[in-house]
Every structure is written in C-alpha cells, then in structure tokens.
Amino acid sequence: MSQTVDRARTDAGVHVDAWLATFQDALTARDAEAAAALFGADSFWRDLVAFTWNIKTVEGPAGVADMLRATLDTVDPTGFRVVEEPTEAGGVTDAWLEFETAVGRGSGHLRLKDGLAWTLLTTLDELKGHEEPTSDRRPRGAEHGAVRGRSTWLERREAEEAELGRTRQPYVVVVGGGQGGIALGARLRQLDVPTIIIDKHEKPGDAWRKRYKSLALHDPVWYDHLPYLDFPQNWPVFSPKDKIADWLQMYTTVMELNYWGSTTCTSARYDGERWEVVVERDGEEITLRPAQLVLATGVSGKPNVPSLPGRDRFAGDQHHSSAHPGPDAYKGRKAVVIGSNNSAHDICAALWAAGADVTMVQRSSTHIVRSDSLMDLGLGDLYSERALAAGVTTHKADTIFASLPYRIMHQFQKPVYDAIRERDADFYARLEKAGFELDYGDDDSGLFMKYLRRGSGYYIDVGASELVADGSIALARGAVRELTETEVVLADGTRLEADLVVYATGYGSMNGWAADLISQEVADRVGKVWGLGSDTTKDPGPWEGEQRNMWKPTRQEALWFHGGNLHQSRYYSLYLALQLKARCENIPTPVYGLQEVHHTS
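Quick caveat, the model's predicted, so the values are computed rather than measured. (Residues numbered from 1 in each chain as written. Predicted model: local features only at pLDDT ≥ 70, side-chain atom pairs only at ≥ 80, totals over all residues. Heavy atoms only, no water.)

A. Just the nonpolar core, in detail. Among the nonpolar cores identified, the biggest contains 164 residues, and F23, W45, L68, L110 and L293 are the most heavily contacted of them. Of the residues forming this core, the biggest block, ten residues, is contributed by helix 18 (residues 566-584). If we skip the residues at most four places from it in the chain, W45 touches F23, F39, F51, K56, T57, V58, V64, M67, L68, L120 and T122. Grouped together as the second largest cluster of nonpolar side chains are 14 residues, I338, L490, A498 and Y503 included. (Core = buried A, V, L, I, M, F, W, Y, C linked by side-chain atoms within 4.5 Å. Buried < 20%, exposed > 50% of the residue type's maximum accessible area, 1.4 Å probe, protein only. Helix = DSSP H or I, 4+ residues; strand = E, 2+ residues; numbered from the N terminus. Contact = heavy atoms within 4.5 Å.)

Next up, the structure:
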C-alpha cells in the first residue's frame, strides 16, 4: 500500500482531510445517516467488493445510508486517508485514498463538489493474512542447504498437475481459456486458490490463433496488459492475433496455470455445496467437484445465426464470423457479409485485400470512430505514452475509469465524441455519401457507452471504412429476406450474387452458455448478462447501475461470469479473485444488493 501523504497541505488537501475526518468519525460511530449527509443530492458511491462483497453503485444520501446500515458492523472501515496531494480543477476536488476493513485493505478515489462527495470509489485490494506473495513476500524458489529427499520446483509442479482434478479437487473451475480465464487464473494462482482452467482448444491462445489471419486488436497496447506482466515496451501498438496467441501461451506457462486444453465441458450440476462438472479430456470423461464455477467466455454468448429461408439450399459457403477461416479461398469470388460492426468490417477488408468481390449488408445504423482519433481524444489521457509520462500508470488509468459511475459516464464521453465528429467531419460525410448509415449512440455518447450497454453496434476504423466510402467494398442496406442457391435476397427485392455468405450477426447473452451447460432454469434464474439497464437500444431498462452479472455474485449460488475486453479482464479479475479467495478461506461474505433479474436473455 502507498504511504500516507505528510507535507504542507494545499487548500484542496485541507478540504479533503476535513471531509475524511468527519466521514471516518461517522463510520466509527456507526452513524449511517451522518456519513450519508456528507454526500451531495446527486452523488454516487461505487464499491468494488470492499463494503458490499459485490460490485455495486448506490446513489444519493439515501442510497449511501441504506448501504452503510447494512454493512458497517461487519466491514468496520478504518483509516481513511489520502495517499497523494489532492488537486482541484473546475470546482471539483480529486483525492486518492486508502483504508482498511475488518478483513482487508483497500484504496479508492473521491471527488468533492461544493464540500460534499460527488463520487466515491472504494475497492478491496487484498485480504489480511492472504496477501499475494510479491516484493518482500516473494517465494524463495530454492531451499539452500543440504536436505535429504528434497523435491525440486519441477517435481512439485508435475505432482500438482498429476493430482489436481484427480486425487485432489480444485476449488474453482474456470470454463473458457481465453484472456479472461487466463487473467483470472493468474490472480487465483497468486492467491493460492486451487484452480483448473478448461478450454476446448489444444493450446492457450488458440482462440486467437485459429481466427482469420488479418485479425488484430483495435485497442492499443497500453489498454491491453494482463495482470502482473506488462507487454514489453517494444510491443506493437495494435497486437496481431498470433502475437496475442503466443503471449497467452507463454503467460500461461510462466504464471504456472493449470490449463486443461483439448477439454470440453459437457454438463454441470450444483448440489448446494459443490458442483459436479463433467468434462471430456483427450477422449476421457472426468468429473470435477469444484466449490465455485466461473464461465469465462468474453462478453458474448453463442453466435447469433439468423434462421433465413433458403439457407439449406444455398450452394456456396456460409458461416458465422466466429468461424470465418480467412479470405484466401475466395479470391475472384463474390462474398456477401451480413452485418456492419467490427467483425464485418475486418472480414470485408480482408476479403477485398485477397481479391474477392465484397458486399457489406448494413441492417441497422453503426457507430464508426477512426482509430487515430480514438487513440488521441478518447484514450490518450489514460492509455498512451503521453499518459505514462504524466504519471498515469495502467492501474491508475483503470481506477480513474472505474471511478466514473455508469449513471453519469455518458456525460464525460459525449464531449469526446463531439470533438471526434468535428475533427473527422469530412470522413463521416464521405461515408454518408456512400449510403452508410451512421449513429453516435442513442445519446451521442459514442463507442464506450455502446460497448458497456450492448457490446455491439460500432467499428473502430483501421481502414475498412475508407473502402466503403470509395466503393471498393459495395454497400447494401436492409434486412435479408432469403437465400437462393446463388443469391442473398434483401427485403426490398435486391439480389446479391454470392459464393460466400458470412453472418457477422453478433452473439447472444452469456447466460446462454449456462443454459447449455447447466439448465435453462439456472440461466433464467441468473438472467441476462451484460448491459446496464440504460433503456437504450439493446439495453432494456430498468436502470441497474452495473454490468449485469459480471464479476460478482449471481442469483445462482457459486456461479460467476467473467470476461470482457483485455482491460476489463485484467482489472476486474482481481475483484472476482478476492471474492473467490474469501469463500475459499471461509471468510464471511455477506452480499449487499444482490442483483434483481429483469430480463432472462
């Protein structure tokens, strides 16, 4: 933990010190109403596990008081203090904090406005007595001296691999061995929680390695680090899929993860104490009995493939974008890609580059943002060399982003995308002239809010939009009515010749995996995964305030969902791992504000 600031105080520091002292006095006195009175009428307290054993945002003094009444006696929060000198700008004072609870140590961020709290973030960073073995707690690795019968690191590692899942059961099974499952596995390894990660692919990274050859991350490297090991400083800004695949494979080895490749989970059942998870591994059926089950499949469920009349009679190739093998077999052939978001654009551009005749079918409006503009205006202050030079580390950037409650995040995002629209007005005009239907989100708040609300509806342009604008990629608009042997027929009667149809039509909710693996009853009990309840397109209300069911307890005991992009997999894996570790150590975890279920899919 950081050292408490001890220097001459600025005015901002004096104000924060006074607020924290009054706040701590109210907490110590178990006076929830007095603590709540320190929050403005429009205020937000976002807690990541520290107070609520949940990921929860409460709003206004009434929400703060309700949460504190339920949690203060067990949490016993103490020692709220600043860790660096607070700053003030535009009438808002910012302060970085640390504190302790009965069972852990935490940190956070406070914004004061007019002397009252506007936003407060509290996060649990570690559990007392169960700290990660880092720095001065790092393992010795080798025993010096003469010891008869001593086993080596390799022998201990081989014994663990032979025992876990056979003579000794894991505490956690993680289904899904992509970046999300691997990041969580690394956290759990450092916390000494016995864990097995299972994945249908043979090797870590294969989920990337086996995708079409032109695939690359559209997020920059500073946004994409995994826990504990940053990418090297010479790593490319945008990671090609095969480099990511190799990194994940290396990372799995270096972090000593128990990764079962070539393993398929066929069923899971919970008996009230442990799960019975049946897997097939290299042709052998194995039953695992973990206490906790995590589905780590990204942000998406099963691929959405439309049930179109004529699909059975189409004579060419057809597949969902997730199964697209790449463009090489389609040189000189006619390809129709149904969809207009990230995968659709990437696949269209790759097919065009390989010499195919490509048509994109846009069924609904799409948000487009040029990569350079996003890097500069959208991410530059948090995730860039510029940010690092200003002292904004990746973890600090993650925390700043986490400190903005979802209820008001769009207010911070809208000016960014207004500036992007102004900067790139000519680019957008060319796209519209080509017939492409643009949007900027339901409230003009742009890409991040679309991602958080629905996980779809956008494309970060790395070149494909220019091909659409100049007609190199043909554009058709409207719903698809049917397929013939050789054509895609749109609702308005337009006929598009096709040797290949790619369904870049997105994915369902992650609870679809729970339906397949466990039961529809459990999937419905958990409800829809992802989204905020913003009552915008594809994110139905009511307002829920946090990502549905992600990284936190669900209505199905001992079932968890984990994933997201690399940033979310890195950041939220800590808070999920701490929740699992606490349960593993029988530390009481009374959950405040367990999510209601408003939508089942």
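B. Molecular detail of helix 8 (residues 342-353). The terminal C-alpha atoms of helix 8 lie 17 Å apart, and with twelve residues this matches the ideal 16 Å at 1.5 Å per residue to within 8%. By the burial criterion, the buried members of helix 8 are A344, H345, D346, I347, C348, A349, A350 and L351. Taken together, the buried residues of helix 8 touch strand 16 (334-338), strand 17 (357-362), strand 18 (367-370), strand 19 (458-461), helix 15 (464-469) and strand 24 (500-503). (Expected span 1.5 Å × (residues − 1).)

C. Here's a closer look at the environment of K528. Among the structural elements, K528 can be located in the loop between helix 17 (520-526) and strand 25 (559-561). Given the relative accessible area of 16%, K528 is considered buried. C-alpha separation for the pair K528 and R111, spaced 417 residues apart in sequence, amounts to 32 Å. Beyond its immediate sequence surroundings of up to four residues, K528 is in contact with S509, N511, K538, P540, R548, N549, Q595, H599, T600 and S601.

D. Up close: the sheet that holds strand 11 (residues 263-270). Taken together, the three strands give an open sheet; going across it, the order is 11-12-13, and neighbouring strands pair in antiparallel fashion. The two strands at the open ends of the sheet, each matched to only one other strand, are strand 11 and strand 13 (284-288). Each strand of the sheet is rotated relative to its neighbour by a mean of 20°, with strand direction disregarded. The pairing of strand 12 (residues 275-281) with strand 13 spans five bridges and is classified as antiparallel. If you follow V278 over to strand 13, its bridge partner there is T287. (Pairing = 2+ DSSP bridges. Axes fitted to C-alpha atoms, helices over the stretch in contact; angles between N-to-C directions.)

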